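# Descriptive analysis of the structure
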Amino acid sequence: QVQLVESGGGLVQPGGSLRLSCAASGSVFGYAMGWYRQAPGEQRDLVAVITGGGSTNYADSVKGRFTISRDNAKNTVYLQMNSLQPEDTAVYYCYAGYGERIVRYWGQGTQVTVSS
């Protein structure tokens, strides 16, 4: 069993930056890792994903602003979020799984609030 623990969320002003981290308690070798987000009353949507080989994919709404990376030695995935906007406000969930849609493990979520 793998546990995913997120950190780095918080309150930031529009235009600001945050870096989310997600540390896995065990090996996530062979899994894609990434981030979904869910705003109140909305469905949970994919934000970004990175494969074990380093291939990445992003939601159109975050391309050019967010960067996903992973450190396989530390079993950790990161999400650097720049130029944050109020519409980025959501709970961000880390996951490990097969590709973008088959989730094997979820993190507990971390709140990101973008507000002045």
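Look a little higher up for the structure.
Residues numbered from 1 in each chain as written. Predicted model: local features only at pLDDT ≥ 70, side-chain atom pairs only at ≥ 80, totals over all residues. Heavy atoms only, no water.

## Side note on the overall build of the chain
Assigned secondary structure in the chain consists of 0 helices and 11 strands. In the chain, the succession of helices and strands from N to C terminus is β-β-β-β-β-β-β-β-β-β-β. Radius of gyration (C-alpha) of the chain: 13 Å, near the 13 Å computed for a compact globule of 116 residues. A principal-axis box enclosing the C-alpha atoms of the chain has dimensions of 40 × 25 × 25 Å. The buried share among the 116 residues of the chain stands at 45%. Here the analysis covers contacts within the chain between residues at least 6 apart in sequence; of these, 55% occur between residues at least 24 apart. Only carbon and sulfur atoms are counted for the fraction: they give 46% of the accessible area of the chain, which is about 5,900 Å². Across the chain, 9 positive and 8 negative side-chain charges occur, with their mean positions spaced 7 Å apart. (Helix = DSSP H or I, 4+ residues; strand = E, 2+ residues; numbered from the N terminus. Rg over C-alpha atoms; globule rule 2.2 N^0.38 Å. Buried < 20%, exposed > 50% of the residue type's maximum accessible area, 1.4 Å probe, protein only. Contact = heavy atoms within 4.5 Å. Areas by Shrake-Rupley, 256 points an atom, 1.4 Å probe, with all protein chains shown as cover. Lys, Arg positive; Asp, Glu negative; His and termini not counted. Charge placed at Lys NZ, Arg CZ, Asp CG, Glu CD.)

## Some thoughts on the nonpolar core
Inside soluble globular proteins, nonpolar side chains tend to come together where they are buried. Judged by nonpolar contacts, the single largest core of 30 residues is most densely connected at L4, W35, L79, M81 and Y92. The next biggest cluster of nonpolar side chains, apart from the first, holds 5 residues, and it includes A32, L46, V49 and Y95. (Core = buried A, V, L, I, M, F, W, Y, C linked by side-chain atoms within 4.5 Å.)

## Structural notes on the sheet that holds strand β3 (residues 18-24)
Across the sheet, which stays open at both edges, the 4 strands sit in the order β1-β3-β8-β7 with antiparallel pairing between neighbours. One side of each edge strand has no neighbouring strand; the edge strands of this open sheet are β1 (4-7) and β7 (66-71). Direction aside, neighbouring strands of the sheet carry axes that sit 15° apart on average. By the bridge criterion, 6 bridges tie β3 to strand β8 (residues 76-81) in an arrangement that is antiparallel. When the sheet's bridge partners are listed, L20 is paired in β8 with L79. (Pairing = 2+ DSSP bridges. Axes fitted to C-alpha atoms, helices over the stretch in contact; angles between N-to-C directions.)

## Concerning the packing of aromatic side chains
Tallied over the full model, the rule gives 6 aromatic pairs. Ring centres of Y36 and Y95 lie 5.3 Å apart, and the angle between their planes is 75°; this geometry places the pair in the edge-to-face category. Here the residue Y36 occupies a position in strand β4 (residues 32-38), and Y95 occupies one in strand β9 (residues 90-98), the gap between them amounting to 59 residues. Judged by relative accessible area, which is 5%, Y36 ranks as buried. Note on Y95: relative accessible area 0%, which makes it buried. Between Y95 and W106, the aromatic rings sit 6.2 Å apart at their centres with planes inclined by 55°, giving tilted as the arrangement. With Y95 in strand β9 and W106 in strand β10 (residues 102-106), this residue pair connects regions lying 11 residues apart in the sequence. One aromatic cluster is present, formed by Y36, Y93, Y95 and W106 through successive ring pairs. The ring of Y93 has R44 lying over it, and the distance from NZ or CZ to the ring centre is 3.6 Å. (Phe/Tyr/Trp six-rings, centres within 6.5 Å; stacked < 30°, edge-to-face > 60°. Lys NZ or Arg CZ within 6 Å of the ring centre and 35° of its normal.)

Purely geometric stuff here, so don't read any function into it on its own.
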